[in-house]
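Survey of secondary and tertiary structure
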Amino acid sequence: MVIYLYRLGRFAFRRRGLVAFLWLAVLASCVVGSVTLSGPTATGFSIPGTESQRAADLLAQRFPQAGANQATARIAFQTEPGRQLADEPQVRQTIARIATAPQINGVVDPFTAKTVSPDGRTGYAQVTFGVPSAEVTDEAKEAVDAAIAPARASGLTVEYGGDALEAPGGPPLSEVIGLAVAALVLLLMFRSLVAAALPLLSALVGIGIAVTAISTASGFVDIGSSTPLLALMLGLAVSVDYALFIMSRYRHELSTGLDPEEATGRAVGTAGSAVVFAGATVVIALAGLFVVDIPFLTQMGVAAALTVVLAVAIALTLLPALLGFAGRRVTPNERTGSMGRNWARMVARRPVAVLAVSVLGLGAIALPATDLELAMPNDSTAAPDSTQRKAYDLVSGAFGPGVNGPLLVVVDGGTSAAAAATAQTISALPGVAAVKPPRVNPAGDTALLTVVPTTGPGSSETEELVQTLRDLPELPGTRVSVTGATAVDIDMSDKLGDALAPYLALVVGLAFLLLMLVFRSIVVPLKATLGFLFTVAATFGALVAIFQWGWLAGLFGIEGQAAPVIPMLPVLMVGVVFGLAMDYQVFLVTRMREAHVQGAGPRAAVVDGFAHNARVVTAAAVIMVAVFAGFILAGQTLIQQMGFGLAFAVAVDAFVVRMTIVPAVLALLGNRAWYLPAWLERLLPTVDIEGESLRRQGELAGHRQAP
């Protein structure tokens, strides 16, 4: 592969105009497609095979009038002490205005529904939309805001919550923060404006194509709202990193006396090979999300994997073309980094002490992970000053927390008599605050019961109630199932928990084989995998401490009440973090193996390889941390937790695992680290990413020396 990449790099350098034109044409086509063909992104998701999904599908088929799949909102009203809500004309006027807003299917006022508190001061109106939450337009949300404004101006407290009126989350400053930090780090590292600009330019083209292509695809298939954000987050980070590694190797080759074209071919052949294998590990980890069998996670994984493939292609073709345009304005940097060399020497001299301190430190950070709780966010975990949180608190205080998370019980084959009998049985259960009168579909074969728990939607008591409802004895000819947001969250947590082990086995197994091919060793891939497990454990410990316990949340700019970790985050984090962890493993250890293959002793190979790539890995890690940390500003809890988790994981993996534990283990094991049984050596295909084949096959025999 090295030979092909070497030739590809030289071709892109020589035909730089054609290569740049083709990439710009692809970008322009995607931009046009995004503008003309894109559709709305979806905020909902389905979980095939779960009881809650089957019940929801049954309702959509037999009882669409119930609106179980439609967006809802809850408008909470509260008047001043000493006054009664019934005496406030603005309540009915507000409800009348909301009823005329776009996409509104109906509004049930507090007085008709008898949702007024015993003291008469607080009540809520239930709003049903005619479309799912993903299709609620900004115009409809603005109309509801406008309808509420006069009541607020009159002195009434009016707040709202529900999935229909959720503000769209997005990282407004994330891209700017990430790019600004990346530009600064590249400038400090290369000390050349041109050298710093080229990785950024190639990265911008790559993420521009990826994001606009996903936007174009949204016009033809349902794309989740988090999908483009994950692709942007990951694409920006790996695009800059991959270009950075090739650029750094290119400048090193220039410093040896090669002319720019030859240096480009050499850089793409060697560092480019590492980029290909690093990208392959990320793609394996992301594409492996299909084993979870949750469509929106598979979709996110595929989109992010394609973004990584695009980043690799850009680094191998567009960057060499840009180097052709830059010529000799990309000045060589002959420094190998004395700080990196000194650090590697210290680690190699005291490997046992370094290992002990590192492992114990990561173990301490990982301890909170033993208290990990998984649950979807709800209005109770919103920012304290948000209208969603205020509405939740108003309703909970007046009616109990269970009103904010009702359960939907579907009685298949439920005649009116069967539904009434089921409702009577449920109302006698502990943990049930109320059961609303059953609704039966026009065909008379499906009934819907709304059950209000005594506890909130995220509590363990509510989860136990869901299981109790599912275990109820069924009347002859009927089948009882439970759905609704709370039941969906429980089912999703269970399914993701069951899928984590096989997913982890698949990803780790495939990546282990890939790394064994690259490094011709059993110990190095095993060490890489164990290091990844340390990183994941520490990351989940930090997530629990920051988000679930609330420790130092203000320091990281995280608002809202302490909340559980989102159920899909462990699977997503395992996939993304494993891929990124292997990036640094490949980039750092490849140079160590290169020194080892060329005859250096075990410790000398560790020190020399580390010294050559330490500055590059450090710069790449700082850029990735900055890119991911910027997404903590996102409004969506999933993206916020993902941004923090990835930033923390990259910092831990790069600086503690790959740049401390890895050289310590290699120094401690010596030549044994590179052991591969002879029989296995014969079975494995030869993969050269150190450039030996370039020298062996004489590709450099006629290279032009710089004058």
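Above this text sits the structure in question.
Let me sum up the structure you'll find in this document.

In terms of regular secondary structure, the protein is built from 23 helices and nine strands. Expected size for 707 residues packed as a compact globule is a radius of gyration near 27 Å; at 29 Å, the protein falls within 12% of this value. A burial count over the protein gives 56% of its 707 residues as buried. Taking all contacts inside the protein whose residues are at least 6 apart in sequence as the whole, residues at least 24 apart take part in 81%. Surface exposure of the protein reaches about 27,900 Å², of which carbon and sulfur atoms provide 62%. Averaged over its 45 positive side-chain charges, the protein has a centre that lies 14 Å from the centre of its 50 negative ones.

In this section: the packing of aromatic side chains. Centre distance and the angle of the planes are the two values used to describe a pair of aromatic rings. Taken as a whole and assessed by the stated rule, the structure comprises five aromatic pairs. For the ring pair Y124 and F399, a centre distance of 5.2 Å and an interplane angle of 90° mean the geometry is edge-to-face. Of this pair, Y124 sits in strand β3 (residues 122–129) while F399 sits in helix α14 (residues 387–399), and the two are 275 residues apart along the sequence. The class for Y124 is buried, based on a relative accessible area of 8%. Since its relative accessible area comes to 25%, F399 is described here as partly exposed.

The next subject is the packing of helix α4 (residues 89–99) against helix α6 (residues 138–153). The N-to-C vectors of α4 and α6 enclose an angle of 170°; their axes lie 8 Å apart at closest approach. One way to sum up the angle between α4 and α6 is to call them roughly antiparallel. For the pair α4 and α6, contact is made by Q90, T94, R97 and I98 and by A147, I148, P150 and A151, respectively.

Counting residues in hydrophobic clusters, the biggest one holds 145 residues, and the most contacted among them are L234, Y242 and F628. At 18 residues, helix α11 (residues 295–326) tops the list of elements feeding residues into this core. Not counting the four nearest positions on each side in its chain, L234 is found in contact with V282, L286, A304, V308, V576, L580 and F628. In this structure, A73, A101, A147 and I148 belong to the second largest nonpolar core, which totals 23 residues.

Time to look at the sheet that holds strand β4 (residues 157–161). Taken in spatial order, the four strands line up as β2-β3-β1-β4 in an open sheet, and their pairing is antiparallel. Looking along the sheet, the strands with just one partner apiece sit at the ends: β2 (104–108) and β4. Each neighbouring strand pair of the sheet contributes to a mean axis angle of 20°, computed without reference to strand direction. Pairing of strand β1 (residues 72–78) with β3, which is carried by seven bridges, proceeds in the antiparallel orientation. When the sheet's bridge partners are listed, A73 is paired in β3 with V127. Of the strands in this sheet, β1, β2 and β3 touch α4, which is tilted by about 165° from β2. Running at roughly 160° to β4, α6 makes contact with β1, β3 and β4 of the sheet.

Remark: helix α10 (residues 260–287) packs on helix α19 (residues 569–597), axes separated minimally by 8 Å, with the N-to-C direction vectors making an angle of 165°. Classified by the angle their axes make, α10 and α19 are roughly antiparallel. The chirality of how α10 crosses α19 is right-handed. Of α19, the residues touching α10 (which contributes A274, V275, A278, G279, T281, V282, A285 and L286) are G575, V576, G579, L580, M582, D583, V586 and F587. Considering only residue class, the contact of α10 with α19 consists of eleven nonpolar, four polar and one charged.

Glancing now at the pairing of strand β8 (residues 446–453). Successive residues of a regular strand alternate their side chains across the two faces of the sheet. Counting buried residues in β8 gives eight out of eight residues, a clear majority hidden from the surface. Here β8 shows a buried face lined by T446, L448, T450 and V452 and a second buried face lined by A447, L449, V451 and P453. Two strands pair when backbone bridges link them, and strand β5 (residues 407–412) and β8 are joined in this way by six bridges, in the antiparallel orientation. Paired with V409 across the strands is L449, a residue of β8. The pairing of strand β6 (residues 432–435) with β8 spans three bridges and is antiparallel. Considered in β8, the bridge of A434 is made with V452. With two bridges connecting them, strand β7 (residues 439–440) and β8 associate as antiparallel partners. Among the inter-strand pairings, V440 is bridged to a residue of β8, identified as A447. Taken together, β7 and the strand that follows it, β8, pair antiparallel across an intervening segment of five residues, in which G444 is found at a positive phi of about 75°.

Okay, the pattern of salt bridges next. Applying the stated rule across the entire model yields 14 salt bridges. E51 is the partner of R470 in a salt bridge, and the nearest nitrogen-oxygen pair spans 3.1 Å. Here R470, found in helix α16 (residues 460–470), pairs with E51, found in helix α3 (residues 51–62); they are 419 residues apart in sequence, far enough to count as distant. Each of the two residues, R470 as well as E51, counts as buried. Here the salt bridges share partners, and the residues they tie into one network are R10, R14, E261 and E262.

Turning our attention to helix α15 (residues 416–427). Taking 1.5 Å per residue as the helical rise, α15 with its twelve residues ought to reach 16 Å, and the 16 Å between its terminal C-alpha atoms agrees with that figure. Regarding α15, the residues found buried are A418, A419, T422, A423 and I426. Projected down its long axis, α15 shows its buried positions confined to an angular sector of 135°, all on one face. Of the exposed residues in α15, the ones pointing more than 90 degrees away from its buried face are S416, A417 and Q424. Where α15 is buried, its residues touch β5, β6, β8, α16 and β9 (479–483).

This paragraph deals with the pairing of β4. The element β4 is largely enclosed, with a buried count of four among its five residues. One ladder, built from five bridges, connects β1 with β4; its direction is antiparallel. Opposite F77, over in β4, you have V158 as the bridge partner.

The next thing to look at is unusual backbone geometry. One non-glycine residue with positive phi stands out, namely K114, at about 60°. Counting through the fold element by element, K114 comes out in the loop between α5 (110–113) and β3. The backbone of R191 sits at a positive phi, close to 55°, despite the residue not being glycine. By the secondary structure assignment, R191 is in the loop between α7 (174–190) and α8 (193–217).

This paragraph deals with the side chain of R658. Take R658: it is sitting in helix α21 (residues 637–669). Among the polar contacts listed, one links the side chain of R658 to the backbone oxygen of A528, at a separation of 3.2 Å. Here Q585 takes part through its side chain, which lies 2.8 Å from a polar atom of the side chain of R658. The contact partners of R658, leaving out residues within four places of it in the chain, are A528, G531, F532, A581, M582, Y584, Q585, L588, D653 and P663.

The grouping of E461, E463, E464, D494 and D498 at the surface amounts to a negative patch. Secondary-structure elements contributing two or more residues to the negative patch are α16 and α17 (485–519). Element by element, the count of residues in the negative patch is highest for α16, at three residues. Its place among the elements puts D498 in helix α17. Assessed through its relative accessible area of 61%, D498 is described here as exposed.

How each quantity is defined
Residues numbered from 1 in each chain as written. Predicted model: local features only at pLDDT ≥ 70, side-chain atom pairs only at ≥ 80, totals over all residues. Heavy atoms only, no water. Helix = DSSP H or I, 4+ residues; strand = E, 2+ residues; numbered from the N terminus. Rg over C-alpha atoms; globule rule 2.2 N^0.38 Å. Buried < 20%, exposed > 50% of the residue type's maximum accessible area, 1.4 Å probe, protein only. Contact = heavy atoms within 4.5 Å. Areas by Shrake-Rupley, 256 points an atom, 1.4 Å probe, with all protein chains shown as cover. Lys, Arg positive; Asp, Glu negative; His and termini not counted. Charge placed at Lys NZ, Arg CZ, Asp CG, Glu CD. Phe/Tyr/Trp six-rings, centres within 6.5 Å; stacked < 30°, edge-to-face > 60°. Axes fitted to C-alpha atoms, helices over the stretch in contact; angles between N-to-C directions. Parallel < 35°, antiparallel > 145°, perpendicular 65-115°, else oblique. Core = buried A, V, L, I, M, F, W, Y, C linked by side-chain atoms within 4.5 Å. Pairing = 2+ DSSP bridges. Left-handed = near helix turned anticlockwise from the far one by under 90°. Nonpolar A, V, L, I, M, F, W, Y, C, P; charged D, E, K, R; others polar. Salt bridge = Lys/Arg side-chain N within 4 Å of Asp/Glu carboxyl O. Expected span 1.5 Å × (residues − 1). Arc of directions from axis to C-beta. Polar contact = N/O pair within 3.5 Å; in protein donor to acceptor, adjacent residues only side chain to side chain. Patch = residues over 30% accessible without salt bridge, like charges linked within 9 Å, V, L, I, M, F, W, Y side chains within 5 Å.

Purely spatial values, then, with no claim about function.
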